[in-house]
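Structure at a glance
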Amino acid sequence: METALQHQGYLYTFSKSSFRYHPPRTSKLNTYNPKKEMILILIADDHPYLIQGVEVDLNKDRRIKIIGTAHSYGELMDKVAGLQPDMVLLDLKMPDCEEYDLKPYIHKLRALAKCKVIIFSNETGWARIHRCLEIGASAYIEKAISIGKLANLIRHVYESDELVIFTAEHLPEVQFSPRQRETLHYMVDGKENDEIAELLDVETKTVQSYVNEIKDKLAKAFYMYPVKPRTLIRLASKLGFGHKLR
């Protein structure tokens, strides 16, 4: 769902199955600690003034406790192992970040503490956002628009299994042909390709052609490759498709 928050940012939520990320079968990364009254937070950022501002903001929430800070990727790994936070606010640009591949790094953070990782960054753009969620982050929150809302966002991520995006980015505008639009409406309504073919009075292979064209357009608009069937429905519903939504 897309929600505008005071015209300063947009909150988007997706199910985990919308993304390609799947932990290894032998991993226990999804075995989080039971939900607790107090949420333990570790902030990873190399800007002391930003950390100070975030601490002031989060300390207003009685359910959130900041248990530590880290100023580099190497220091963060040690802090997570020792402090066992429930969540890590991770800036993408910190000292020695170039030494680490982000995907195995996030996997290791989550394994060390069974924590959720929130990317907390000034970087924006759908390609970067989706990449971070695909490799294991639970949320992507842009710094510039989150102060004053961060505590609520953290609680939402902690209590939910949804993936959360809070960004100044609007949903992309995607141009579809009339046939593609009708196909999308029926897909969001839950129709299968053969049912859509009958409704449109075309062959099933023609509907599949429409679907492939739609996937290509969504992939280019959202920088998400490939677009899986379930993801297609989620994106289409966010873009307003579905006869039931009209």
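Residues numbered from 1 in each chain as written. Predicted model: local features only at pLDDT ≥ 70, side-chain atom pairs only at ≥ 80, totals over all residues. Heavy atoms only, no water.

Glancing now at the nonpolar core. Of all hydrophobic cores here, the largest spans 54 residues; its most connected members are Leu76, Leu90, Leu109, Ile119, Leu218, Phe222 and Leu232. The element best represented in this core is helix H8 (residues 204-222), accounting for eight residues. In this view, leucine 90 contacts Ala44, Tyr73, Leu76, Leu102, Leu109, Val117, Ile118, Ile119 and Phe120; residues no more than four positions away in its chain are not counted. (Core = buried A, V, L, I, M, F, W, Y, C linked by side-chain atoms within 4.5 Å. Buried < 20%, exposed > 50% of the residue type's maximum accessible area, 1.4 Å probe, protein only. Helix = DSSP H or I, 4+ residues; strand = E, 2+ residues; numbered from the N terminus. Contact = heavy atoms within 4.5 Å.)

Okay, the environment of asparagine 193 next. Mapped onto the elements of the fold, asparagine 193 is located in helix H7 (residues 193-200). With residues near it in sequence (within four places) discarded, asparagine 193 still touches Thr204, Val207, Gln208 and Val211.

Next up on the list: a negative patch on the surface. Taken together, the side chains of Glu192, Asp194, Glu195 and Glu198 present a region of like negative charge at the surface. Tracing the backbone shows glutamate 195 in helix H7. (Patch = residues over 30% accessible without salt bridge, like charges linked within 9 Å, V, L, I, M, F, W, Y side chains within 5 Å. Areas by Shrake-Rupley, 256 points an atom, 1.4 Å probe, with all protein chains shown as cover. Salt bridge = Lys/Arg side-chain N within 4 Å of Asp/Glu carboxyl O. Lys, Arg positive; Asp, Glu negative; His and termini not counted. Charge placed at Lys NZ, Arg CZ, Asp CG, Glu CD.)

Relative to the helices and strands, leucine 76 is located in helix H2 (residues 73-83). Those residues within four positions of leucine 76 in sequence are excluded, and the remaining contacts are Leu42, Ala44, Ala70, Val88, Leu90, Tyr105 and Leu109.

A few words now on the pairing of strand E5 (residues 87-90). The alternating pattern of E5 places Met87 and Leu89 on one face and Val88 and Leu90 on the opposite face, and all of these are buried. Relative to E5, strand E3 (residues 39-44) is paired through four bridges, and the arrangement is parallel. Note that in E5 the partner of isoleucine 41 across the bridge is methionine 87. Direction of pairing for E5 relative to strand E6 (residues 116-121): parallel, over a ladder of four bridges. Paired with leucine 89 across the bridge in E6 is isoleucine 118. The parallel pair E5 and E6 is bridged by helix H3 (residues 102-113), and the resulting crossover is right-handed. (Pairing = 2+ DSSP bridges. Right-handed = clockwise from strand over helix to strand, strands pointing away.)

The next point concerns helix H5 (residues 150-159). Where H5 is concerned, the buried positions are Leu150, Ala151, Leu153, Ile154, Val157 and Tyr158. With its buried residues spanning 160° around the axis, H5 presents them on a single face. (Arc of directions from axis to C-beta.)

Further remarks concern the packing of aromatic side chains. The final tally for this structure, using the stated rule, is seven aromatic pairs. Judged by centre distance (6.4 Å) and plane angle (25°), the rings of tyrosine 10 and tyrosine 12 are stacked. On the basis of relative accessibility, which here comes to 16%, the residue tyrosine 10 falls in the buried class. Each ring, one from tryptophan 126 and one from phenylalanine 222, has its centre 5.6 Å from the other, and the planes form 65°; the classification is edge-to-face. Of this pair, tryptophan 126 sits in helix H4 (residues 126-134) while phenylalanine 222 sits in helix H8; the two residues are 96 residues apart in sequence, bridging distant segments of the chain. Residue classification places tryptophan 126 among the buried residues on the basis of a relative accessible area of 5%. Aromatic ring contacts, followed pair by pair, group Tyr10, Tyr12, Trp126 and Phe222 into a single cluster. (Phe/Tyr/Trp six-rings, centres within 6.5 Å; stacked < 30°, edge-to-face > 60°.)

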